[in-house]
Amino acid sequence: MPTPSKGPRLGGGPAHERLMLANLAAQLFEHKRITTTVTKAKRLKPYAERLVTFAKRGDLASRRRVLGLISDKGIVHELFTDIAKQVENRPGGYTRITKIGNRKGDNAPMAVIELVLEPLSAKQAVVAEATQAAEKAAPAEEAAVEAPAEETTEVVEETVEAPAAEEATEEAAEEKDAK
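Calculation criteria
- Residues numbered from 1 in each chain as written.
- Predicted model: local features only at pLDDT ≥ 70, side-chain atom pairs only at ≥ 80, totals over all residues.
- Heavy atoms only, no water.
- Axes fitted to C-alpha atoms, helices over the stretch in contact; angles between N-to-C directions.
- Helix = DSSP H or I, 4+ residues; strand = E, 2+ residues; numbered from the N terminus.
- Parallel < 35°, antiparallel > 145°, perpendicular 65-115°, else oblique.
- Left-handed = near helix turned anticlockwise from the far one by under 90°.
- Contact = heavy atoms within 4.5 Å.
- Buried < 20%, exposed > 50% of the residue type's maximum accessible area, 1.4 Å probe, protein only.
- Phe/Tyr/Trp six-rings, centres within 6.5 Å; stacked < 30°, edge-to-face > 60°.
- Lys NZ or Arg CZ within 6 Å of the ring centre and 35° of its normal.

In this structure, what is going on with the packing of helix α2 (residues 38–57) against helix α3 (residues 60–69)? I would like to understand it.
For any two helices packed against each other, one specifies the crossing angle of their axes together with the interaxial distance. At a minimum axis separation of 8 Å, α2 and α3 run at an interaxial angle of 150 degrees. It follows from the interaxial angle that α2 and α3 lie roughly antiparallel. For the crossing formed where α2 meets α3, the hand is left-handed. Residues Tyr47, Arg50, Leu51, Phe54 and Arg57 of α2 lie in contact with α3, whose contacting residues are Ser62, Arg65, Val66 and Leu69.

Honestly, unusual backbone geometry in this entry has me stumped. Any pointers?
Leaving glycine out, the prevailing phi sign among residues is negative, and the prevailing peptide bond configuration is trans. Despite not being glycine, Lys32 has its phi angle at roughly 70 degrees, a positive value. Located in the positive-phi region is Asn107, a residue other than glycine, with phi close to 65 degrees. Following the sequence through the fold, Asn107 ends up in the loop between β2 (95–102) and β3 (109–115). Note on Asn107: relative accessible area 51%, which makes it exposed.

What am I meant to see in the packing of aromatic side chains here?
Each aromatic ring pair is specified by the distance between its two centres and by the angle formed by the two planes. As enumerated under the stated definition, the model contains zero aromatic pairs in all. Over the aromatic face of Phe80 sits the side chain of Arg63, whose NZ or CZ is 4.5 Å from the ring centroid.

The structure is reproduced here in structure tokens:
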């Protein structure tokens with residue numbers, strides 16, 4: 001896991017911090033969003049994103065590695081089946097931290113950390129689908145149709161000549177205007 005930051009740890013020794021981060025990550029994967037202090041959220045973000053990366057890998061070694069950190073098999077199963085499929089096209093940035101103000105009792109700065117499960121962006125999702133469809137359709141079109149390829153080259157030649165004719169007529173019109 002990521003190297004802990006220098007200075008005091010969250011709530012005590014290193015073992016307690018590891019357990020705390022594992023519990024926070026388990027709750028994040030179970031509920032998809034949790035409210036905690038800003039400091040804990042910042043420490044949880046790289047930890048949780050690394051676990052999601054293992055889940056995206058999906059092999060047995062990754063599952064066992066995550067099970068060594070999060071002891072609840074149900075949450076690990078949900079991480080590997082549901083969450084990993086929802087973020088499979090996202091290259092990173094699986095969590096989002098939003099500051100929500102201070103806690104009433106001790107005035108501690110609070111934040112909501114949540115999983116980013118929506119598609120990367122509508123435009124990029126459409127482009128990705130179109131690219132995949134084009135890759136699937138291209139081999140089928142090449143095998144099915146070979147003769148019409150010669151006709152398309154003739155059409156291209158005609159369209160190349162057409163702009164040249166338009167330019168000639170525009171030049172002639174400019175000469176008439178100049179006279």
